[in-house]
Amino acid sequence: MQINNSQKRDINFKAVKVATAKNTLGKITTDIEIYKLQKEDRNFLENLKKKTSIKKMYPKLDSLAQARWQHIFEYCINNILDSFGNLNTAYLAVKNKKPCGILTYTDKGSELYLDGICSIPIEENKKVSLVGKTLFLQFFKDLENSKAKKATLSAVNDGPFNVVKKYQELGFVKDMTTHPYSLMVCNKYKAKEQQSKLSKVIDYTNSPTCKINLEDITD
């Protein structure tokens, strides 16, 4: 798959398309494709990490916010690269052939631990609306279909915005606080409730779960 944006990235990757999502926010509708990344996508991820600069893509942000965003983005990529072949699962959200979000989690048996989630700018000072919630919807669906009883994550307490509140709105509650993070938990019942809420603005459609060479089906 060839992906181009204002930084003229030219990156190919193979993955499994798992779903499409038509998201509605106000009068704006956005189509997002969700791909499950595979071991063969290592080079793609390394290139994506190398060629994505939040400083260049989001110049209107202050330098601290840019650095935080870049750190979260690279943490997600590194976590995936270090975990391929283990119990790690990773998804890439794509809009019009441009990566717009990434999520990675680890199946710990009794819980699914969210290692990281990050939006990716698609143009200068522009990111895709609802991409984070779209990836969370996929995460909650995976939780429902797993043997795990809950989802967990660590939310930073001193972020540029109230991260804890953001996750509380998605059904998570504080379980324990250890500076600088809060451990948060969402059980399967709450996750099911969140799926219903998210489905009001996200029209999610499963795709056949077969491996696709995206270069054959895209420009």
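Residues numbered from 1 in each chain as written. Predicted model: local features only at pLDDT ≥ 70, side-chain atom pairs only at ≥ 80, totals over all residues. Heavy atoms only, no water.

**Quick word on helix α3 (residues 63-83)**
In step 1: For α3, built from 21 residues, the straight-helix expectation of 30 Å at 1.5 Å per residue is met to within 8% by its first-to-last C-alpha distance of 30 Å.
In step 2: Buried residues belonging to α3 abut β2 (28-37), α1 (42-51), α2 (54-57), β3 (88-95), β4 (98-107) and β5 (111-119).
In step 3: Sitting at the amino-terminal end of α3 is D62, which places a side-chain oxygen 3.0 Å from the backbone nitrogen of L64. (Helix = DSSP H or I, 4+ residues; strand = E, 2+ residues; numbered from the N terminus. Expected span 1.5 Å × (residues − 1). Contact = heavy atoms within 4.5 Å. Polar contact = N/O pair within 3.5 Å; in protein donor to acceptor, adjacent residues only side chain to side chain.)

**Side note on the layout of surface pockets**
In step 1: One number sums up the size of the largest pocket: a volume of about 1300 Å³.
In step 2: Lining of the largest pocket is provided by 38 residues; of these, I72, I117, F161, K166 and Y167 occupy positions nearest its centre.
In step 3: Those elements that provide at least two residues to the lining of the largest pocket are α3, β5, α4 (131-144), β6 (150-156) and α5 (163-168).
In step 4: In terms of residue count, β5 provides more of the lining of the largest pocket than any other element does, seven residues in total.
In step 5: A class-by-class count of the residues in the lining of the largest pocket yields 24 nonpolar, eight polar and six charged. (1 Å grid on protein atoms, 1.4 Å probe; cavity = no way out; pocket = protein on both sides within 12 Å on 5 of 7 lines; lining within 4 Å. Points joined across faces, edges and corners; volume = space filled by probe spheres on them. Nonpolar A, V, L, I, M, F, W, Y, C, P; charged D, E, K, R; others polar.)

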